[in-house]
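Breakdown of the fold
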Amino acid sequence: MATKNIFSKHLPNVKLATRFDADGNEIQVEKREDEEQKRKEQDIIDTLVGAGYYRAHIHGLSSFDKIVGGMTWCIEACDYDVNVDLLFHENLTIGQKIALTEKIVAVLPRMKCPFLIEPHQIQGLDFINIFPVVQWLVKRSVENRSKKADTLRKLAATQFQNHFTLDSDRELQRLRVKQLAHLQAIESKYLPKRQFKLRKAAGGGWIPVRPKDAPEQEHADGAATMDETDTEREEEEEVEEEISLSTEREHNIPLDLTDADNSALAKKYDDIKQKLAPHTVDVSERNRIKTQLALKLALEKKLELARSECDQLRNTVQEEELQLQSATEQRENLEEEIRNLDNLEITEENQKILDHVKELVLKNERMKKQETLFKENCKKELAELQQKIEKAETSTPDEDMVELQRQLDMEQERLKSLRLQLAKKNRSYVAIKRQLDTIPDRTELAQYQRRFLELYNQVSAKHRETKQFYTLYNTLDDTKLYLEKEISLLNSIYDNYANAMQSPHSREQFVQQFETIVEGIRATKIKLKKKCDDEKSKRDGLNAQLLCLVEQQRKYAATVKQLTMECQRNEVLMQHLKALKAAQSSTQQS
């Protein structure tokens with residue numbers, strides 16, 4: 001009997017169709033593959049992943065799961081309801097698979113799909129006929145998602161504008177409030193005031209007349225003296241009195257006026273106008289002259305600053321022009337030299353000669369360096385030989401023996417110290433090697449993981465079996481308890497029935513006791529039903545948690561595989577980098 005390897009290949013959640021030999025290795029079965037089907041399958045997976053269905057990238061899923069899940073995802077993205085669970089169970093029968101595909105095929109005519117497909121084609125993985133349907137569904141889902149994105153973006157923008165404001169909008173609103181406040185203050189301060197009213201003159205015309213309740217005109221010149229303002233006010237009061245008298249006369253004048261009276265009134269009106277005109281002209285002229293003088297001073301200061309800046313800019317421009325002129329001359333000289341050199345290098349013979357000259361120049365420089373190094377080494381060797389000759393001429397054989405013995409002792413001591421250092425290095429090397437040997441490599445870790453998974457599956461199966469035995473025992477114990485209670489209750493009823501039927505009073509008590517017993521049984525039944533509902537809800541929650549954990553396990557497996565691929569890629573790149581560094585160092589040394 002062959003011994004089983006404890007680190008043999010063991011995969012969790014193995015399908016029923018997978019078979020293993022006596023050693024636990026998977027039996028390889030010869031399969032025929034169609035290249036066109038394989039290529040269409042890869043195109044379908046790439047199309048689904050490009051559309052956003054990244055679950056098709058999970059290598060642990062079957063092709064049926066990827067394709068049915070992708071089609072369901074696309075149909076739901078197009079706002080069509082499909083009663084299909086996206087997380088499929090493994091080892092489905094052919095009938096279950098066809099039932100799933102029939103739900104998908106029934107939705108396609110409602111979506112006005114131009115391609116026809118049957119459920120058995122999806123179940124049989126006919127990728128050539130599935131590919132156009134998947135391609136059309138992906139295109140339709142992408143269009144629908146883009147429309148949804150636009151509507152959601154507009155809705156989000158409107159909701160944001162309804163509930164939130166940006167800092168720039170708040171600042172603009174704050175400025176508008178300030179401006180409105182300033183405008184209102186200015187309007188309230190400078191309200192429109194009526195200065196004159198038109199009165200009908202005696203001669204048939206209209207003359208402007210200042211009303212009595214009109215406010216006095218404010219002067220813009222703040223530097224005027226108090227005397228001038230007083231005199232102007234007195235003159236204005238006199239003119240107003242005269243105008244009011246004239247208006248009163250106008251109102252009291254009869255309709256049959258003579259030409260002499262009309263001419264007298266017109267002459268008086270002209271005199272009043274001449275009196276009023278000089279004052280108003282003088283005040284406005286003074287204000288205009290003052291504003292012009294202030295404007296002239298400001299413009300003179302600006303002119304002086306502009307002239308100084310203009311002088312500075314003129315100087316800098318002259319300096320830059322000189323620098324530009326020198327740079328252009330230098331550039332022209334260099335361009336001329338480059339042209340001359342290019343003219344020399346035009347022919348192939350000149351190019352060959354130039355390359356040969358460059359090689360000779362480089363060789364000459366290397367030879368010069370080697371010559372200087374050789375001279376320095378020769379000088380050192382000459383000095384050493386001269387010292388040895390001098391020592392040999394002055395020394396005796398005994399002294400030579402002593403010197404050689406001393407050198408021998410020094411070399412032996414040096415050899416001992418080097419051996420000690422070598423022993424220390426060997427010990428440290430052995431310790432490091434042991435530490436490295438204690439660290440398992442990737443294959444050993446994979447074997448350990450498989451073995452641990454196998455042990456975990458065995459322990460979990462044993463634990464599940466033990467829990468089932470405990471549950472069965474508790475259930476049978478509860479059933480036995482309830483049966484014993486029922487038997488004792490029936491025995492008590494049977495024993496007390498004859499005594500209870502002897503008198504009406506005892507019969508009523510017996511019926512009341514019987515009703516209390518029935519109520520207790522009902523309460524117990526309700527309690528147990530509630531407990532059963534709680535257990536069912538716990539079971540549903542654990543099933544949902546199990547589905548989440550299965551999805552996380554698939555993601556973890558995909559991430560681990562991607563990480564191993566990236567590690568291998570990193571190792572290849574590091575080796576390539578070391579090779580490049582070695583080549584670069586060799587070229588520098590040469």
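Since the model is a prediction, treat every value here as computed from it, not as a measurement.

Some thoughts on the overall build of the protein chain
A tally of helices and strands in the protein chain yields twelve helices and two strands. In the protein chain, which comprises 590 residues, the proportion classed as buried is 14%. Within the protein chain, counting contacts between residues at least 6 apart in sequence, those at least 24 apart form 55% of the total. Element-wise, carbon and sulfur atoms account for 57% of the exposed surface of the protein chain, whose accessible area totals about 49,500 Å².

Let's talk about the packing of aromatic side chains
This model, assessed by the stated rule, comprises three aromatic pairs. Consider the rings of Tyr-497 and Phe-510, whose centres lie 6.1 Å apart with planes at 70 degrees: the pair is edge-to-face. Here Phe-510 lies in helix H12 (residues 504-589) and Tyr-497 lies in helix H11 (residues 442-500), a separation of 13 residues in the sequence. Judged by relative accessible area, which is 46%, Tyr-497 ranks as partly exposed. Feature note: the residues Tyr-497, Phe-510 and Phe-514 constitute an aromatic cluster, connected by ring pairs.

A few points about unusual backbone geometry
The phi torsion at Lys-112 lies on the positive side, around 60 degrees, for a residue other than glycine. You can see Lys-112 is positioned in the loop between helix H3 (94-107) and helix H4 (119-123). Phi is positive for Leu-125, close to 60 degrees, though the residue is something other than glycine. Mapped onto the elements of the fold, Leu-125 is located in the loop between H4 and helix H5 (127-163).

A word on the nonpolar core
Judged by nonpolar contacts, the single largest core of 33 residues is most densely connected at Ile-44, Leu-48, Met-71, Ile-75 and Leu-137. Among the elements of the structure, helix H1 (35-51), helix H2 (63-77), H3 and H5 are those that each provide at least two residues to this core. Element by element, the count of residues in this core is highest for H5, at eight residues. In this structure Leu-137 touches Met-71, Cys-74, Ile-75, Cys-78, Leu-108 and Met-111, once residues within four positions along its chain are discounted.

Quick look at the confidence of the model for the protein chain
Model confidence for the protein chain is summarised by a mean pLDDT of 77, while 75% of its residues fall at 70 or above. In the predicted structure, residues 1-20 sits below a pLDDT of 50 and forms 32 contacts with residues beyond four places in sequence or in another chain. Across residues 215-256 the pLDDT falls below 50, and counting only partners more than four positions away or on other chains, this stretch makes 34 contacts in the model.

Comments concerning the packing of H11 against H12
Direction vectors running N to C along H11 and H12 enclose 175 degrees, while the axes themselves pass 13 Å from each other. If you check the angle between H11 and H12, you find them roughly antiparallel. When H11 is examined against H12, the residues Arg-442, Tyr-482, Leu-489, Ile-493, Asn-496, Tyr-497, Asn-499 and Ala-500 are found in contact with a partner set consisting of Ser-506, Arg-507, Phe-510, Phe-514, Ile-517, Ile-521, Thr-524, Leu-528, Cys-567 and Glu-571. Each residue belonging to the contact of H11 with H12 can be placed in one class, and the counts come to eleven nonpolar, four polar and three charged.

A look at a negative patch on the surface
On the surface, Glu-329, Glu-332, Glu-336 and Glu-337 cluster together into a patch of negative charge. The residue Glu-329 is located in helix H8 (residues 259-344) in this model.

A look at H11
In this model, H11 (59 residues) spans 84 Å end to end at C-alpha, consistent with the 87 Å of a helix rising 1.5 Å per residue. Buried within H11 we find Glu-454, Ile-493 and Ala-500. Check the buried side of H11 and you find it contacts H12.

Basis of the calculations
Residues numbered from 1 in each chain as written. Predicted model: local features only at pLDDT ≥ 70, side-chain atom pairs only at ≥ 80, totals over all residues. Heavy atoms only, no water. Helix = DSSP H or I, 4+ residues; strand = E, 2+ residues; numbered from the N terminus. Buried < 20%, exposed > 50% of the residue type's maximum accessible area, 1.4 Å probe, protein only. Contact = heavy atoms within 4.5 Å. Areas by Shrake-Rupley, 256 points an atom, 1.4 Å probe, with all protein chains shown as cover. Phe/Tyr/Trp six-rings, centres within 6.5 Å; stacked < 30°, edge-to-face > 60°. Core = buried A, V, L, I, M, F, W, Y, C linked by side-chain atoms within 4.5 Å. pLDDT = per-residue confidence, 0-100. Axes fitted to C-alpha atoms, helices over the stretch in contact; angles between N-to-C directions. Parallel < 35°, antiparallel > 145°, perpendicular 65-115°, else oblique. Nonpolar A, V, L, I, M, F, W, Y, C, P; charged D, E, K, R; others polar. Patch = residues over 30% accessible without salt bridge, like charges linked within 9 Å, V, L, I, M, F, W, Y side chains within 5 Å. Salt bridge = Lys/Arg side-chain N within 4 Å of Asp/Glu carboxyl O. Lys, Arg positive; Asp, Glu negative; His and termini not counted. Charge placed at Lys NZ, Arg CZ, Asp CG, Glu CD. Expected span 1.5 Å × (residues − 1).

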